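Each chain, letter by letter, is given below.
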Amino acid sequence: AVPRTRILATGGASHNKKILQVLSDVFNAPVFTIDTANSACLGSAYRAIHGLVAERNMSLADVVKLAPEPRLAVTPTPGAEEV
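Heads up: these notes are all about the structure in this document. (Residues numbered from 1 in each chain as written. Predicted model: local features only at pLDDT ≥ 70, side-chain atom pairs only at ≥ 80, totals over all residues. Heavy atoms only, no water.)

## A word on the overall build of the protein chain
Here's step 1: Each helix and strand in the protein chain was counted, giving three helices and three strands.
Here's step 2: In sequence order, the secondary structure elements of the protein chain are arranged as β-α-β-α-α-β.
Here's step 3: Against the globule reference of 12 Å for 83 residues, the protein chain gives a C-alpha radius of gyration of 16 Å, more extended than a compact globule.
Here's step 4: Taken along the three principal axes of its C-alpha coordinates, the protein chain extends 50 × 35 × 15 Å.
Here's step 5: The burial tally for the protein chain puts 27% of its 83 residues in the buried class.
Here's step 6: Partitioning the intrachain contacts of the protein chain with sequence separation of at least 6 by distance along the chain shows that 63% fall at a separation of at least 24.
Here's step 7: Considering the protein chain, the positive charge centre built from 8 side chains and the negative charge centre built from 7 side chains are found 4 Å apart. (Helix = DSSP H or I, 4+ residues; strand = E, 2+ residues; numbered from the N terminus. Rg over C-alpha atoms; globule rule 2.2 N^0.38 Å. Buried < 20%, exposed > 50% of the residue type's maximum accessible area, 1.4 Å probe, protein only. Contact = heavy atoms within 4.5 Å. Lys, Arg positive; Asp, Glu negative; His and termini not counted. Charge placed at Lys NZ, Arg CZ, Asp CG, Glu CD.)

Following this line, the structure appears as structure tokens:
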């Protein structure tokens with residue numbers, strides 16, 4: 001089975017529920033957010049941690065699993081996919 005699509009919104013627009021709702025409706029997918037002030041640096045931080053634990057043969061996927069779970073912000077409006 002193909003995993004269901006979900007959207008992870010970060011940055012300033014992730015605080016605007018109306019923008020998130022449009023994303024959710026257009027892509028017919030739930031939108032999740034994270035509480036990170038500077039999300040642009042997040043990927044770099046995970047790569048840096050990955051580099052620090054490289055000798056332990058820890059994969060990047062395992063490093064990212066340690067991150068806090070994103071929280072559900074909005075779900076698609078019923079019937080929006082028909083529009």
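Here the narrative resumes, following the displayed structure.
## A closer look at a nonpolar patch on the surface
Here's step 1: Residues V22, V26 and F27 make up a contiguous nonpolar surface patch of about 330 Å² in total accessible area.
Here's step 2: Looking at the secondary structure, you find V22 in helix 1 (residues 17-27). (Patch = residues over 30% accessible without salt bridge, like charges linked within 9 Å, V, L, I, M, F, W, Y side chains within 5 Å. Areas by Shrake-Rupley, 256 points an atom, 1.4 Å probe, with all protein chains shown as cover. Salt bridge = Lys/Arg side-chain N within 4 Å of Asp/Glu carboxyl O.)

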